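Okay, here's what each chain looks like letter by letter:
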Amino acid sequence: MNKLFILIMALFTGCLASCGQQKFSTVDADEFEKTIAADSVQLVDVRTTEEFADGHIGTDGTKNIDVKQPGFIERAEKELDKGKTVAVYCRSGRRSADAAGRLAARGFKVIDLGGGILEWQQRGKPTSR
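Residues numbered from 1 in each chain as written. Predicted model: local features only at pLDDT ≥ 70, side-chain atom pairs only at ≥ 80, totals over all residues. Heavy atoms only, no water.

Counting its regular elements, the protein contains six helices and five strands. If you list the helices and strands of the protein from N to C, you get α-β-α-β-α-β-α-β-α-β-α. Taking all 129 residues of the protein together, the buried fraction comes to 38%. In the protein, of all internal contacts separated by at least 6 residues, the share reaching a separation of at least 24 is 65%. Accessible area of the protein: about 7800 Å², with a carbon and sulfur share of 53%. (Helix = DSSP H or I, 4+ residues; strand = E, 2+ residues; numbered from the N terminus. Buried < 20%, exposed > 50% of the residue type's maximum accessible area, 1.4 Å probe, protein only. Contact = heavy atoms within 4.5 Å. Areas by Shrake-Rupley, 256 points an atom, 1.4 Å probe, with all protein chains shown as cover.)

Spatially, the five strands line up as an open sheet ordered β1-β5-β4-β2-β3, and their pairing is parallel. Edge strands, defined here as strands with exactly one partner in the open sheet, are β1 (25-27) and β3 (63-64). Here four bridges tie strand β2 (residues 42-45) to strand β4 (residues 86-89), and the two strands are oriented parallel to one another. Paired with V44 across the bridge in β4 is V88. Against the sheet, helix α2 (residues 29-36) engages β1, β2, β4 and β5 (110-113), with an angle of about 140° to β5. (Pairing = 2+ DSSP bridges. Axes fitted to C-alpha atoms, helices over the stretch in contact; angles between N-to-C directions.)

This part takes up helix α4 (residues 72-79). Those residues of α4 not exposed but buried are F72, I73 and A76. Down the axis of α4, the buried side of the element spans an arc of 90°, and every buried residue falls inside it. Facing away from the buried side of α4, by more than 90 degrees, are the exposed residues E74 and K78. For α4, the elements touching its buried residues are α5 (94-105). (Arc of directions from axis to C-beta.)

What follows deals with the packing of α4 against α5. Viewed as axis vectors pointing N to C, α4 and α5 meet at an angle of 65°, and their least axial separation amounts to 11 Å. Crossing angle aside, the handedness with which α4 passes α5 is right-handed. Across from F72, I73 and A76 in α4, the residues of α5 making contact are A99, R102 and L103. Partitioning the contact of α4 with α5 into residue classes produces five nonpolar, no polar and one charged. (Left-handed = near helix turned anticlockwise from the far one by under 90°. Nonpolar A, V, L, I, M, F, W, Y, C, P; charged D, E, K, R; others polar.)

So, on to the side chain of Q42. Tracing the backbone shows Q42 in strand β2. Since its relative accessible area comes to 12%, Q42 is described here as buried. A distance of 2.7 Å separates the side chain of Q42 from the backbone nitrogen of D81, its partner in a polar contact. Beyond its immediate sequence surroundings of up to four residues, Q42 is in contact with E79, L80, D81, K84, T85, V86 and A87. (Polar contact = N/O pair within 3.5 Å; in protein donor to acceptor, adjacent residues only side chain to side chain.)

What follows is the structure, given as structure tokens:
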């Protein structure tokens, strides 16, 4: 009985540990720049439309899907290809980490810019309007 209890607890603990694992990669600005240079990567700014208009990473191909808006996942699933990597960023990294986790849970392969566009700009990397 005692061994059975220990086995059940070990399995339960293992399940909880695997559920809490991050299913996306967080990279610095230099690695993010290399990642988004690939044609097969979809670049997504998860900030507001106003923040996006003030300046964003990438050019015309950058999608703006606000993670705080209702229907974020539905819109992402409609506009993004699950067969291609999704590179996400926000202002400082919090919203994009949230978006990355939600997208990864839906089967997307996701790369998150740690530190957000602030880190990008601090490293002297270009933005577009």
